[in-house]
Amino acid sequence: ETTGSVSPPCFCLNDGVCQDGSCVCPEEWVGPLCELVNFCEASIYTESISGGILKNLTFQRIIVGRYSNSAEKCDPDTVNGNRSIAIRMCTRVRKIPTLQPPQILNCNENLDSLASQVENADFSNISAIASSTQILTSMPDQLTTQSISIAANIAVNILKKPNISTDSQASASIMATVSHLLDANETEFNHNNLSDVTASLTRTMEAFSLTSNITESNIAIQSVPLKLNSSTILFSAQKDTELEYLPSTKLEVQENVPGLLGDLSTEVQILLNIMNNTNGRVGFVLYQNSKFFKSRIYKSHGSFSKRIVSGNIDGGRASGVELAFRPKYNTSELQLHDHACVFWDYATNDWSTVGCTKGRDQFLRCKCNHTTNFAVLMTFQIKYKYAKPLEYISYIGIGLSMAGLVITMLFQILTRKTRKSSITCMLVSLCFSMLIFNIIFISGIENRNARNSGSDTSSYEQQPQPPATTDNTLLTSDLADPPTAPWCTAVAVLLHYFLLATFMWTALNSAQLYLLLLRAMQPLPGRFIATMSVLGWGIPALVVAITFGVTYREGKALNYRQEEFCWLAALDENHNFSMEKPMLWSFLLPVALILLFNFIVFINITVSVIWRDNKNLTRNKKDSFMKRVISTISIVVVLGITWTVGYLMLINQEETSLTFSYVFCILNGTQGLQICILYTFRSSIFKKKVSEVFPVFSMPEIPVYLHSKIYYVSKSHLGKHAKETFRPSQTLSEDTSLSTLSNLI
């Protein structure tokens, strides 16, 4: 069982799910209880299409902030054949979802044809080209690398047109297009041929920001004139608390402020210190994600949003820039580990830390000598749910097993000559590997990092953060491994080895029982014990060595083991069972093969030896039912058949899995004790030794008399056909194979 904070229950409407004490709503609903509508209903709009023809346009339900395609399509013989003829957007006016008028697509235009027109288009046609580009990119999930490249080039050409900011419709359409591109699939931006295109687009956006004020869902541009007395300009993006729980951002530009704001509702701030002011202008660009800034060094593994902000001055220059970011991430699963203040270096088309320093309090703070395209790269650590310390019942069960294993080994070794059994070495090896496994498990399964994790489950706003390192180096990943724990890795290796060795010895015991019971007339192979020892200790060592060599790397211990407790890695980053992790191929599969082999031998021994009926034996010579049951249980225990219950725990059903978990712990947590009871305490030699040491435990032997008849066939006894007597029974004849089994047990 693992530790974790207990969140209060919550009541969610409209199929919302309570998670970490708050409601996670489906996209159609928002609000603290998922009670507020976040969509526009299906609609029909009558519009005049080309040639003055009135046409009804049908739209399905639309999520706020998204577009929907009309059910009506372009004619098949047009350039955009079978593409929706119109799109319609749902926006929110305060709290009310509101439909915008549809935008009609020119069915004879596509991105390629628009790209060929835009360079030579006059000002009167720019608006139509911008609108068509917006419509053709309105479904971001359908955009490919090629279509992103073409649309970005169209946007660059339009934004470079003289006085384009005076055409509000064209400017708004192009900003909507850029916002669509930022919604495209992340994988489409991984191609190197897009880096030059996106770099050209972002540089053009910086120049355009000096003359426009436009806000879209993924991008915002703000421009202000510089006054002669302006010494500082602050651009900030804050949560809009007027709309309560609705997602919204309020942008604000302030002049001559003494420094960055301390308001915790502020998500992004950039402060420019102005020098040589000549009544110019300042422009700011805020990107909601970093898809236009794909780094070859910094790799993203999670869906962590990285906002990018830039400041551009025309008619002056900045002596320095100060920034503050509020990180956005799921605080119930992640904790911020480190951050780096960076800017986008167009010379290398990658992030750089040159000229930037960092700090940290409630905000992630930066100071830079540049003014363009800043970001904070963050590295997170997963908040692992470390395993709880073992419960008392676990200590008791494993403690009894350890004691039983020690007693069994001592008994097997000290009474070997008396018992004259060849099974001693095999059983002692099995008990030894199981004993060492239990000792390591009970003393080292808990990861020592759990002691340092504390109760690190409160939100970033509520919990004071430790200061980050002042070394502003470029990070390489957004996920950091937890503190190194070489002790935990060593424990995982030893547990892996000794548990595999335990199963290997169950298989070798299985093979020996097969040879002794089912091939009783043939002697054991030469050097049998030596060969078994090499196999029993060598094969597990080989498996562990290969597994460790393939998966473990310096600083990447979690490729081999888990962090929650010191055992083999099994889950991927999404907490799903992974076929690539060593838990499957270096433990579950080998153990499954061993258990299958043991089960086959167990069935053979059970059917052919223990429960076989021999018609040649008289009634009083047959083995009792209880003796057969105990013999069967003894074989089950020593061959580890009960471990098959562990595979039933993998059933993806909580109640069923929990039931099998209890059964598994009871059966296998006390396996050593079971071996001691069945193979030591039941032994006649052990009972005799105990009675000698503790006479109080000795029991008087009670003879059992069997009724018998003696028949005489000689002539002298013809008058007396039979003589009945009673005689004490010393031993009973047994079937050869079952007698052998009794000696082994």
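Values in this document were obtained by computation on a predicted structure and should not be read as measured data.

Asker: Summarise the overall build of the protein; cite the residues concerned and give the values.
Answerer: Helix and strand counts for the protein stand at 18 helices and 27 strands. Burial status across the protein gives 46% buried among its 745 residues. For the protein, the share of sequence-separated contacts (at least 6 apart) that also reach a separation of at least 24 residues comes to 68%. Here the protein has roughly 38,600 Å² of accessible surface; of this, 57% comes from carbon and sulfur atoms.

Asker: Give me the pairing of strand β14 (residues 219-225): which residues, what numbers.
Answerer: Summarising burial for β14: six of the seven residues are buried, a large majority. Sheet topology note: the strand β13 (residues 214-215)/β14 ladder contains two bridges and is antiparallel. Paired with Thr 215 across the two strands is Ala 220, which belongs to β14. The sheet contact formed by β14 and strand β18 (residues 281-287) spans seven bridges and is antiparallel. Bridged to Ser 223 within β18 is Gly 283.

Asker: Which residues make up a nonpolar patch on the surface, and what values go with them?
Answerer: Taken together, the side chains of Leu 542, Ile 546, Val 550, Trp 585 and Leu 589 present a nonpolar region at the surface, about 470 Å² in accessible area. Of all the secondary structure elements, the ones that give two or more residues to the nonpolar patch are α11 (528-551) and α12 (582-610). For the nonpolar patch, the leading source of residues is α11, giving three residues. Residue classification places Val 550 among the exposed residues on the basis of a relative accessible area of 51%.

Asker: Account for the nonpolar core, naming residues and giving values.
Answerer: Judged by nonpolar contacts, the single largest core of 67 residues is most densely connected at Ile 158, Met 175, Val 178, Met 205, Tyr 287 and Phe 292. Take this core: its biggest share by element is nine residues, from helix α3 (residues 145-159). Excluding residues that lie within four positions of it along the chain, Tyr 287 makes contacts with Leu 182, Thr 202, Met 205, Asn 218, Ile 219, Phe 292, Phe 293, Arg 307, Ile 308 and Asn 373. One finds Leu 405, Leu 584, Val 609 and Phe 664 within the second-largest nonpolar core, a separate group that totals 64 residues.

Asker: Summarise the pattern of salt bridges; cite the residues concerned and give the values.
Answerer: Tallied over the full model, the rule gives seven salt bridges. Across the pair Glu 186 and Lys 294 runs a salt bridge, and its minimum N-O distance is 2.6 Å. With Glu 186 in the loop between α4 (168-181) and α5 (195-208) and Lys 294 in the loop between β18 and β19 (308-314), this pair connects stretches of sequence that are 108 residues apart. Classification of Lys 294 as partly exposed rests on a relative accessible area of 27%. Note that Arg 365 and Asp 361 form a salt bridge whose closest N and O atoms lie 2.9 Å from each other.

Asker: Pulling in residues and values, what's your account of the packing of α11 against α12?
Answerer: α12 packs onto α11 with a crossing angle of 175° between their chain directions and a minimal axis gap of 11 Å. Put simply, α11 runs roughly antiparallel to α12. Here α11 contributes Val 543, Thr 547 and Thr 551 to the contact with α12, which in turn contributes Pro 582, Trp 585 and Ser 586. Across the contact of α11 with α12, the residue classes tally to three nonpolar, three polar and no charged.

Asker: Would you mind going over helix α2 (residues 123-136) in detail, with residue names and values included?
Answerer: The first and last C-alpha atoms of α2 sit 21 Å apart over 14 residues, in line with the 20 Å expected at 1.5 Å per residue. Among the 14 residues that make up α2, ten are buried, leaving the element largely enclosed by the rest of the structure. Three or more residues of α2 are buried, namely Ile 126, Ser 127, Ile 129, Ala 130, Ser 131, Ser 132, Thr 133, Gln 134, Ile 135 and Leu 136. The inward-facing, buried residues of α2 abut β9 (67-69), β10 (86-93), β12 (103-104), α1 (111-118), α3 and α4.

Asker: So what about the side chain of Asn 598? Which residues, and what values?
Answerer: On the secondary structure map, Asn 598 appears in helix α12. For Asn 598, the residues in contact, after removing those within four places along its chain, are Thr 506, Ala 507, Ser 510, Leu 639 and Ile 641.

Asker: Give a description of the side chain of Thr 680 that names residues and reports values.
Answerer: On the secondary structure map, Thr 680 appears in helix α16 (residues 671-681). Not counting the four nearest positions on each side in its chain, Thr 680 is found in contact with Ile 407, Thr 408, Phe 411, Ile 675 and Phe 686.

Asker: Explain the packing of aromatic side chains to me, and be specific about the residues and the numbers.
Answerer: Inspection of the entire model under this criterion finds 20 aromatic pairs. Here the aromatic rings of Tyr 287 and Phe 293 are separated by 5.3 Å at their centres, their planes lie at 80°, and the arrangement is edge-to-face. Accessibility expressed as a relative area gives 0% for Tyr 287, which makes it buried. Centroid distance Phe 411 to Phe 686: 5.8 Å. Interplanar angle 80°. Geometry classified as edge-to-face. Placement of the pair is Phe 411 in helix α6 (residues 392-414) and Phe 686 in helix α17 (residues 684-693), with a sequence separation of 275 residues. For Phe 411, a relative accessible area of 8% puts it in the buried group.

Asker: Account for the state of the cysteines, with residues named and values stated.
Answerer: What we call a disulfide is simply a covalent bond connecting the sulfur atoms of a pair of cysteines. In the structure shown here, the tally under the stated rule is seven disulfides. Here Cys 25 pairs with Cys 34 through a disulfide, and the sulfurs are 2.0 Å apart. Linking Cys 25 and Cys 34, the disulfide has an S-S dihedral of approximately -90° and is accordingly described as left-handed. Here Cys 25 falls in the partly exposed class, since its relative accessible area comes to 25%. Here Cys 341 pairs with Cys 366 through a disulfide, and the sulfurs are 1.9 Å apart. With the S-S bond torsion at -80°, the cross-link from Cys 341 to Cys 366 turns out left-handed. Of this pair, Cys 341 sits in strand β21 (residues 334-345) while Cys 366 sits in strand β24 (residues 364-368), and the two are 25 residues apart along the sequence. Accessibility assignment for this pair places Cys 341 and Cys 366 in one class, buried. Cys 431 takes part in no disulfide bond, and the closest cysteine sulfur to it belongs to Cys 676, at a distance of 8.7 Å.

Scoring rules and cut-offs
- Residues numbered from 1 in each chain as written.
- Predicted model: local features only at pLDDT ≥ 70, side-chain atom pairs only at ≥ 80, totals over all residues.
- Heavy atoms only, no water.
- Helix = DSSP H or I, 4+ residues; strand = E, 2+ residues; numbered from the N terminus.
- Buried < 20%, exposed > 50% of the residue type's maximum accessible area, 1.4 Å probe, protein only.
- Contact = heavy atoms within 4.5 Å.
- Areas by Shrake-Rupley, 256 points an atom, 1.4 Å probe, with all protein chains shown as cover.
- Pairing = 2+ DSSP bridges.
- Patch = residues over 30% accessible without salt bridge, like charges linked within 9 Å, V, L, I, M, F, W, Y side chains within 5 Å.
- Salt bridge = Lys/Arg side-chain N within 4 Å of Asp/Glu carboxyl O.
- Core = buried A, V, L, I, M, F, W, Y, C linked by side-chain atoms within 4.5 Å.
- Axes fitted to C-alpha atoms, helices over the stretch in contact; angles between N-to-C directions.
- Parallel < 35°, antiparallel > 145°, perpendicular 65-115°, else oblique.
- Nonpolar A, V, L, I, M, F, W, Y, C, P; charged D, E, K, R; others polar.
- Expected span 1.5 Å × (residues − 1).
- Phe/Tyr/Trp six-rings, centres within 6.5 Å; stacked < 30°, edge-to-face > 60°.
- Disulfide = S-S within 2.5 Å.

Shape is all these values report; function is a separate question.
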